[in-house]
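This is what each chain is made of:
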Amino acid sequence: MTAAIPFYSFTYQNEQVKAEMQQALLDVFDSAWYVLGERVAKFEKEYAAYLGVKHCIGVGNGLDALKISLRALGIGQGDEVIVPANTYIATLLAVSETGALPVLVDPNPDTFNIDPSKITAKITAKTKAIIPVHLYGLPCEMDAITDIANRYGLFLVEDNAQATGSVYKGQKTGSLGHLNAHSFYPTKNLGCLGDGGAITTNDDDLAHQVRMLRNYGSEQKYKNERLGYNSRLDEIQAAALSVKLPFIDRWRAEKALLADVYHSKLSDVRHLQLPAEVHHSLLHSHHLFVIKSNYRDALSAYLKEQGVDTLIHYPIPAYSQQAYRNAGFAPEEYPVTERLTAEVLSLPLYPGMKLEQVEQVCSLIRKFTF
Ligand SMILES: Cc1ncc(COP(=O)(O)O)c(C=O)c1O
């Protein structure tokens, strides 16, 4: 067996930012100002500029970013929100937390993203919004989805948790909806040192609503206009994010080169389906490199034996989780998600992964027999 290959590693990223990060964290400590201070304001400005949007509001995590976005849009009890059936449970939980109903749409079997051609059949008089999720970093078909939203007067809230750095027809994802939710969970494309998230928008009033909702419903101390939350990006996390933001396009490009190697070395392996070819007008940020195989479980066990860690995103669909046992979702309505659940396998891919490591994974996969 050759050297073990982890699913993810922070070593390279951390080495690149270490000196600057240590200084930034020490500066926060010395500043004696830890919540909603100048570092959060600075990062909000930098991230808004990076995405090409007017406003960025830092919040506690990606789930809160989604939930607060929906609340800012006035969505709650009695409303329905269209979400992909094939997503991390957070997308559904955010809708449920507002009291609204998540209505699920099966994905396109090639892109794994929400299938726009299946959305209109799910729209009712109660539908208020669509949440496209750029799963694994591949942008959704935003023109088609935006058309539907406009036609039916629905809000669009991008779930950009997995897609920082992705581009759709010249615009960064996370800049395309009325409100857009971002996660800075450590292993995301832009990760902080704990939990963190943000909401972006070009709408001044929505930005104001979000600023209130993240801070007890108040933008002015001791004046509470709405029933809000305590969900603020910490100064420590904002400082860390400001250090890492200038690096993320380079890290994305480095991952893209490795993803190309996976593609070229695995394209003729018959039992595999590789991630969809990316149209030239899109930039995939490769949060995850997800293949499909009818022999997924055997392949993953074999790779593990050979020292290669893999993961499954996701082993149980959100709609089949215990948490949703009383929601009345019928798995047979989501045949594509059901198939993906049985067949997807995420291969190691992270900034600083070596070309030889990718080649080693490919060579092992090519030797796999079933
Ligand atoms: C698609 C998607 N949406 C939302 C979230 C929630 O982000 P967080 O973990 O920061 O709450 C995640 C995080 O894993 C995610 O993958």
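Residues numbered from 1 in each chain as written. Predicted model: local features only at pLDDT ≥ 70, side-chain atom pairs only at ≥ 80, totals over all residues.

## Digging into the sheet that holds strand E10 (residues 272-273)
Part 1 of the argument: Here 3 strands make up an open sheet; going across it, the order is E10-E12-E13 and the pairing antiparallel. The sheet is open, and its two borders are formed by E10 and strand E13 (344-347), each paired with just one other strand.
Part 2 of the argument: Sheet topology note: the strand E12 (residues 289-293)/E13 ladder contains 4 bridges and is antiparallel. The partner of Ile291 across the bridge, within E13, is Leu345.
Part 3 of the argument: Contacts from helix H9 (residues 296-305) reach E12 and E13, with the element oriented near 25 degrees to E13. (Pairing = 2+ DSSP bridges. Helix = DSSP H or I, 4+ residues; strand = E, 2+ residues; numbered from the N terminus. Contact = placed C-beta atoms within 7 Å. Axes fitted to C-alpha atoms, helices over the stretch in contact; angles between N-to-C directions.)

## Details of the domain arrangement of the protein
Part 1 of the argument: Here the protein is described as being made up of domain 1 (11-105 + 112-246) and domain 2 (248-367).
Part 2 of the argument: Here the C-alpha centre of domain 2 lies 24 Å away from the C-alpha centre of domain 1.
Part 3 of the argument: Contact with domain 1, which involves 28 residues of that partner, is made by 25 residues of domain 2.
Part 4 of the argument: Broken down by element, the residue count for the side of domain 1 that touches domain 2 peaks at 3 residues, all from helix H1 (residues 11-31). (Domains from an automatic or database assignment.)

## Things to note about the packing of helix H8 (residues 248-266) against helix H11 (residues 355-367)
Part 1 of the argument: Following both chains from N to C, one finds H8 and H11 inclined at 25 degrees, their axes separated by 10 Å at the closest point. The orientation of H8 relative to H11 falls into the category roughly parallel. Helix-helix and strand crossings are classified by hand; for H8 and H11 the assignment is right-handed. For the pair H8 and H11, the contacting residues are Leu258, Val261, Tyr262, Lys265 and Leu266 in the first and Leu355, Val358, Glu359, Cys362 and Ile365 in the second.
Part 2 of the argument: Grouping the constituent residues of the contact of H8 with H11 by class yields 8 nonpolar, no polar and 2 charged. (Parallel < 35°, antiparallel > 145°, perpendicular 65-115°, else oblique. Left-handed = near helix turned anticlockwise from the far one by under 90°. Nonpolar A, V, L, I, M, F, W, Y, C, P; charged D, E, K, R; others polar.)

## Describing the packing of H1 against helix H7 (residues 235-244)
Part 1 of the argument: Between H1 and H7, the shortest axis-to-axis distance is 9 Å and the interhelical angle comes to 155 degrees. One finds that H1 runs roughly antiparallel with respect to H7. Seen from above, H1 lies across H7 with right-handed handedness. For the pair H1 and H7, contact is made by Val17, Glu20, Met21, Ala24, Leu25, Asp27 and Val28 and by Glu235, Ile236, Ala239, Ala240, Val243 and Lys244, respectively.
Part 2 of the argument: Residues belonging to the contact of H1 with H7 are distributed by class as follows: 9 nonpolar, no polar and 4 charged.

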